[in-house]
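Each chain, letter by letter, is given below.
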Amino acid sequence: MGSQIKFKENEILRKQAISQLKEWISKHPKIKECRTDDKFLLRFLRTKKFSVLEACELLENYLTIRKTLPQLFETLNCELPELKYFFDNNCVFVLPNTDKEGRPVIFYQVGNFTVDKCSAVNSLRICNLTFEHLTIDEHSQTNGVVMVIDCTNQNLAYTSIWTPPRLKDFAQCLQKAFPLRFQKIFFVNMPSFASALFQILLTFLSTKLRSRIKIVNKWDEVFQELGSEIFPKEIGGKLTSNEIVKEFKMRLLESREEILAVSSMDIEVSKNTVNFGNSYDADLDTAIVGSFRKIAVD
């Protein structure tokens, strides 16, 4: 990966911020179990540019969403058959090199997803596994990440499994759950039949994140901003998708134990907990109802 670091930190800043975050965890009335090692806490501090208050909020969200949506975080192990399928068919992977700005790039080949093998829940699990893996990487923590979603040959049947509730889950994971900053999201060659679901997804995203989404019909704009050589050979890069996925699976195996270890963390939530974080989340269920009505009318 690249070596560019956008945010300059120092030892004094790290020690002070980590100490404050540890104290907050120790005094939190609902956190029952949480890692407090420096390496783990730095994920949240770097993502929030050492704003301790924002890092505390992000960590609380991280613990809460894992507790309230356990099915999306269950055994994030790339060797499980239902998750291994995504890699065997080159559905999801992180490119081996960063973009021009030193940002890791997550690449989705939606045309390789099939409805009989890729349920919405497992699709979200593979996303969360990839996100969890990236939170370990210092470049992701400091520079943010980019997502490129190649919709070429997108399957209509697979698209239909993405109901508004599942899109809501994806939105919450994307912008609430992980110590990651999504700097740019490209949708390439999105078919017309997917536009309605895309509009529903947008209702669940913050204004800031929506502003970072680009829909393009050609790769030129993506290559211009990110670089072309980092992508699979099939679309102009140097390595084939098979080669990239093989390398990515090796990295996932190296981080497997650390990813699985976070499942032991725990926070107390009320039985009727649905939304959390700031007031924006409270509007998500209303958006779902409105979206269903719109689909019915259309």
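Refer to the structure printed above.
Please read all numbers here as calculations on a predicted model, not as lab measurements. (Residues numbered from 1 in each chain as written. Predicted model: local features only at pLDDT ≥ 70, side-chain atom pairs only at ≥ 80, totals over all residues. Heavy atoms only, no water.)

K.L.:
How would you sum up the pattern of salt bridges? Please name residues and give values.
P.N.:
Between side chains of opposite charge, a pair can form as their charged atoms come close. Applying the stated rule across the entire model yields 25 salt bridges. Among the ionic pairs, Glu 268 bridges to Lys 32, the shortest N-O distance being 3.3 Å. Of this pair, Glu 268 sits in the loop between β7 (266–267) and α13 (284–297) while Lys 32 sits in strand β1 (residues 31–33), and the two are 236 residues apart along the sequence. You can call Lys 32 partly exposed: its relative accessible area is 47%. Connected through salt bridges with shared partners, the residues Arg 35, Asp 37, Lys 39, Arg 43, Arg 66, Glu 132 and Glu 258 form a single ionic network. (Salt bridge = Lys/Arg side-chain N within 4 Å of Asp/Glu carboxyl O. Helix = DSSP H or I, 4+ residues; strand = E, 2+ residues; numbered from the N terminus. Buried < 20%, exposed > 50% of the residue type's maximum accessible area, 1.4 Å probe, protein only.)

K.L.:
With reference to specific residues and values, describe the sheet that holds strand β4 (residues 145–150).
P.N.:
Backbone hydrogen bonds are what pair the strands of a sheet, in a parallel or an antiparallel way. With respect to topology, five strands assemble into an open sheet ordered β2-β3-β4-β5-β6, the strand pairing being mixed. Each edge of the open sheet is held by one strand with a lone partner, namely β2 (92–94) and β6 (213–216). Neighbour to neighbour, the strand axes of the sheet diverge by 15° on average, direction disregarded. Here β2 runs beside strand β3 (residues 105–109); their pairing, made up of three bridges, is antiparallel. When the bridges of β3 are listed, Val 94 appears paired with Ile 106. (Pairing = 2+ DSSP bridges. Axes fitted to C-alpha atoms, helices over the stretch in contact; angles between N-to-C directions.)

K.L.:
An account of the layout of surface pockets is requested, with residue identities and associated values reported.
P.N.:
Unoccupied space between atoms shows up once a probe the size of one water molecule is rolled over them. In this structure, the largest pocket encloses a volume near 690 Å³. The wall of the largest pocket is formed by 21 residues, among which Lys 48, Gln 175, Arg 181, Ser 206 and Lys 208 lie closest to the centre. Elements with a minimum of two residues in the lining of the largest pocket: α3 (52–68), α8 (164–177), β5 (182–188) and α10 (207–210). No other element matches the four residues that α3 contributes to the lining of the largest pocket. Of the residues that constitute the lining of the largest pocket, the class distribution is seven nonpolar, six polar and eight charged. The computed volume of the second largest pocket comes to approximately 230 Å³. (1 Å grid on protein atoms, 1.4 Å probe; cavity = no way out; pocket = protein on both sides within 12 Å on 5 of 7 lines; lining within 4 Å. Points joined across faces, edges and corners; volume = space filled by probe spheres on them. Nonpolar A, V, L, I, M, F, W, Y, C, P; charged D, E, K, R; others polar.)

K.L.:
Any chance you could break down the nonpolar core for me, citing the residues and the numbers?
P.N.:
Residues Leu 59, Tyr 108, Phe 131, Met 147, Val 148 and Phe 231 are the most contacted members of the largest nonpolar core, which totals 95 residues. Per-element tally for this core: the top contributor is α3, with eight residues. If we skip the residues at most four places from it in the chain, Phe 131 touches Ile 106, Tyr 108, Met 147, Leu 174, Phe 178, Leu 180 and Phe 182. (Core = buried A, V, L, I, M, F, W, Y, C linked by side-chain atoms within 4.5 Å. Contact = heavy atoms within 4.5 Å.)

K.L.:
Just give me the short version of the packing of α8 against helix α9 (residues 195–203), but keep the residues and values in it.
P.N.:
Here α8 crosses α9 at 50°, and the two axes come no closer than 9 Å. When the axes of α8 and α9 are compared, the pair comes out oblique. Both α8 and α9 take part in a crossing whose hand is right-handed. From α8, Pro 164, Leu 167, Phe 170 and Ala 171 reach across to α9, where they touch Leu 197, Ile 200 and Leu 201. Along the lines of polarity and charge, the residues of the contact of α8 with α9 split into seven nonpolar, no polar and no charged. (Parallel < 35°, antiparallel > 145°, perpendicular 65-115°, else oblique. Left-handed = near helix turned anticlockwise from the far one by under 90°.)

K.L.:
Please give an account of α8 that cites residues and values.
P.N.:
Helix length check: α8, at 14 residues, gives a terminal C-alpha distance of 18 Å against a target of 20 Å (1.5 Å per residue), a fit within 8%. The buried fraction of α8 amounts to 11 of the 14 residues, a majority that puts the element mostly inside the structure. (Expected span 1.5 Å × (residues − 1).)

K.L.:
Let's hear about empty space enclosed by the protein: which residues, and what values?
P.N.:
Tallied over the entire structure, the rule returns two cavities of 30 Å³ or more. When its volume is computed, the largest cavity comes out at roughly 450 Å³. Around the largest cavity, the lining comprises 20 residues; the ones closest to its centre are Val 110, Ile 149, Gln 154, Trp 162 and Phe 187. Secondary-structure elements contributing two or more residues to the lining of the largest cavity are α5 (120–135), β4, α7 (156–159), α8 and α9. Sorting elements by how many residues they give to the lining of the largest cavity places α9 first, with three residues. Counted by class, the lining of the largest cavity contains 17 nonpolar, three polar and no charged residues. Each pocket or cavity is described by its volume, and for the second largest cavity that value is around 30 Å³. Looking at the second largest cavity, the residues that line it are Met 147, Ile 149, Phe 170, Leu 174, Ile 185, Phe 187, Leu 201, Leu 205 and Ile 213. Of all the secondary structure elements, the ones that give two or more residues to the lining of the second largest cavity are β4, α8 and β5. Residues of the lining of the second largest cavity, tallied by class, amount to nine nonpolar, no polar and no charged.

K.L.:
Would you mind going over α3 in detail, with residue names and values included?
P.N.:
Taking 1.5 Å as the rise per residue, α3 with 17 residues should run 24 Å; its terminal C-alpha atoms sit 24 Å apart, in good agreement. Residues Val 52, Ala 55, Cys 56, Leu 58, Leu 59, Asn 61, Tyr 62, Leu 63, Thr 64, Ile 65 and Arg 66 constitute the buried set of α3. Those residues of α3 that are buried lie in contact with α1 (11–27), β1, α2 (38–47), α5, α8 and β7.

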